Amino acid sequence: MSPNSNFLRCIKCEKEYSSDEVRYRCDCGGLLEVRYDSLRATKKDFTGSGVWRYKKLLPVDCRVTLNEGDTGLYRCENLEKGFGVKLWVKNEGDNPTGSFKDRGMTVGVSKAIQLGLDKVACASTGNTSASLSAYCAKSNMKTFVFIPSGKIAYGKLAQAMVHGARIYSIKGNFDLALEMVNDFCAKHGVYWLNSINPFRLEGQKTIAYEVIEQLSFKPPDYIVLPVGNAGNISAVWKGLVEFRDLGLLDEPPKLIGIQAEGAAPIVNAIRDGHFSPVENPSTAATAIRIGNPVNAEKAIRAIRESGGSAETVTDEEILKAQRVLAQKEGLFVEPASAASVAGLLKCIESGKIEEGSRVICITTGHGLKDPDIVVERFKGEMVEIEKRELEILAQEI
Ligand code: F0G
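Overview of the structure. What you are looking at is a predicted structure, and each value in this text was computed from that prediction instead of being measured.

Moving on to the sheet that holds strand S5 (residues 86-91). Read across the open sheet, the 6 strands follow the order S4-S5-S13-S10-S11-S12; overall the sheet is mixed. The strands lining the two open edges of the sheet, one partner per strand, are strand S4 (73-75) and strand S12 (309-313). Strand-to-strand twist across the sheet, computed as the mean angle between neighbouring axes with direction ignored, equals 25°. In the sheet, strand S10 (residues 222-226) pairs with strand S11 (residues 254-260) via 5 bridges, with the strands oriented parallel. Opposite Pro226, over in S11, you have Ile258 as the bridge partner.

Here it is in structure tokens:
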């Protein structure tokens with residue numbers, strides 16, 4: 001029995017389904033979300049650490065954990081000077097496999113175990129596969145991952161490999177890999193753990209809970225985060241709304257979704273008022289190289305309801321933000337994560353974020369996952385020397 005009795009509800013037609021049923025969409029095609037018969041918690045209920053600190057607000061008991069959550073909230077005083085806002089970075093790279101996906105997987109894989117399943121799959125730009133593989137290794141489950149060939153960072157691929165996943169490298173992009181894994185799961189009775197799975201998003205909503213608690217329940221004005229398949233921004237909004245409905249938060253922050261210029265279907269939808277996928281998405285931030293995000297409808301709704309907006313950034317802006325965060329704040333995040341800081345800067349310049357605002361940027365994955373891009377940029381500046389040349393260095397000091 002789960003601690004909180006819950007069910008699935010379509011966000012479009014509101015049809016309800018039992019959460020004992022394996023189902024990812026409504027009969028009408030709409031996305032599903034987890035709803036609770038009664039969601040109750042006070043601050044005193046939050047005990048223990050990490051994601052499971054919020055067990056009163058989660059749909060399953062913990063069946064597998066790697067101590068996810070409890071990630072650092074870093075006040076960025078050096079960056080604040082130039083930006084004119086109060087800035088914190090919520091660094092999800094602190095998670096066990098180095099990304100926010102672990103929050104979703106501890107809950108999603110626990111759900112799979114509760115359902116009595118032992119085979120799981122996902123499509124991935126890298127981090128989802130790394131995380132799923134680790135949680136499934138721990139739970140002795142068979143893992144199948146579908147990745148776009150040649151388009152995922154080596155650090156992430158190494159993680160999926162070493163944890164023992166069966167890896168299918170797809171001749172095509174993430175959007176095709178997602179279509180394929182959907183068919184694969186339906187045909188072979190394999191549990192699908194992409195962010196279309198609403199149980200995964202229940203774990204990810206704890207980012208919002210944690211940020212609000214870390215700020216002593218004094219919410220920021222804005223939360224800025226990168227958007228790819230658009231699950232995380234939807235999850236963060238669900239967490240904020242639940243805290244508001246529980247009376248733990250007066251006014252939730254506005255959400256600002258950031259996408260790379262070459263892969264920006266959500267930004268286009270917010271601007272144009274209708275969604276259409278981007279064919280052949282491209283960006284150096286491979287984690288968010290997605291043209292047809294599965295959670296588009298939830299994400300667009302989340303941004304609108306929060307009163308927030310969306311913005312694009314160029315690859316150059318992303319990589320510059322990555323260096324600035326590393327060199328001024330000591331935080332090494334992967335390019336997709338740095339998109340949040342690049343986007344913040346753009347929003348300050350355009351007046352979308354007002355001077356003096358309290359802002360959280362969520363950095364979603366660790367920089368060591370994708371070192372190649374950094375080494376390529378800096379290797380020319382490295383100086384090779386021999387011992388006898390040490391004296392020459394005196395000139396540099
Ligand atoms: N940042 C990082 C580091 C990611 O890996 C992802 C998504 C996102 C942001 C975007 O989050 O999809 O919830 O909007 N990575 C997925 C993956 C797609 O397969 O690892 P989202």
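On we go.
Residue placement: Lys238 occurs in helix H8 (residues 231-245). Reaching out from Lys238, the side chain makes a polar contact with the side chain of Glu242 at a distance of 2.8 Å. Lys238 has contacts with Glu33, Val34, Tyr36, Glu202 and Lys205, leaving out every residue within four places of it along the chain.

By the element assignment, Leu368 lies in the loop between strand S13 (358-363) and helix H13 (372-378). Taking relative accessible area as the criterion, Leu368 reaches 58% and is therefore assigned exposed. Sequence-wise, Leu368 and Gly330 are 38 residues apart; in three dimensions their C-alpha atoms are separated by 13 Å.

Another point: the state of the cysteines. What makes a disulfide is a covalent bond joining the sulfur atoms belonging to two cysteines. Considering all chains together, one arrives at 0 disulfides under this definition. No disulfide involves Cys62; its nearest neighbouring cysteine sulfur is the one of Cys136, lying 14 Å away.

What counts and how
Residues numbered from 1 in each chain as written. Predicted model: local features only at pLDDT ≥ 70, side-chain atom pairs only at ≥ 80, totals over all residues. Heavy atoms only, no water. Pairing = 2+ DSSP bridges. Helix = DSSP H or I, 4+ residues; strand = E, 2+ residues; numbered from the N terminus. Axes fitted to C-alpha atoms, helices over the stretch in contact; angles between N-to-C directions. Polar contact = N/O pair within 3.5 Å; in protein donor to acceptor, adjacent residues only side chain to side chain. Contact = heavy atoms within 4.5 Å. Buried < 20%, exposed > 50% of the residue type's maximum accessible area, 1.4 Å probe, protein only. Disulfide = S-S within 2.5 Å.

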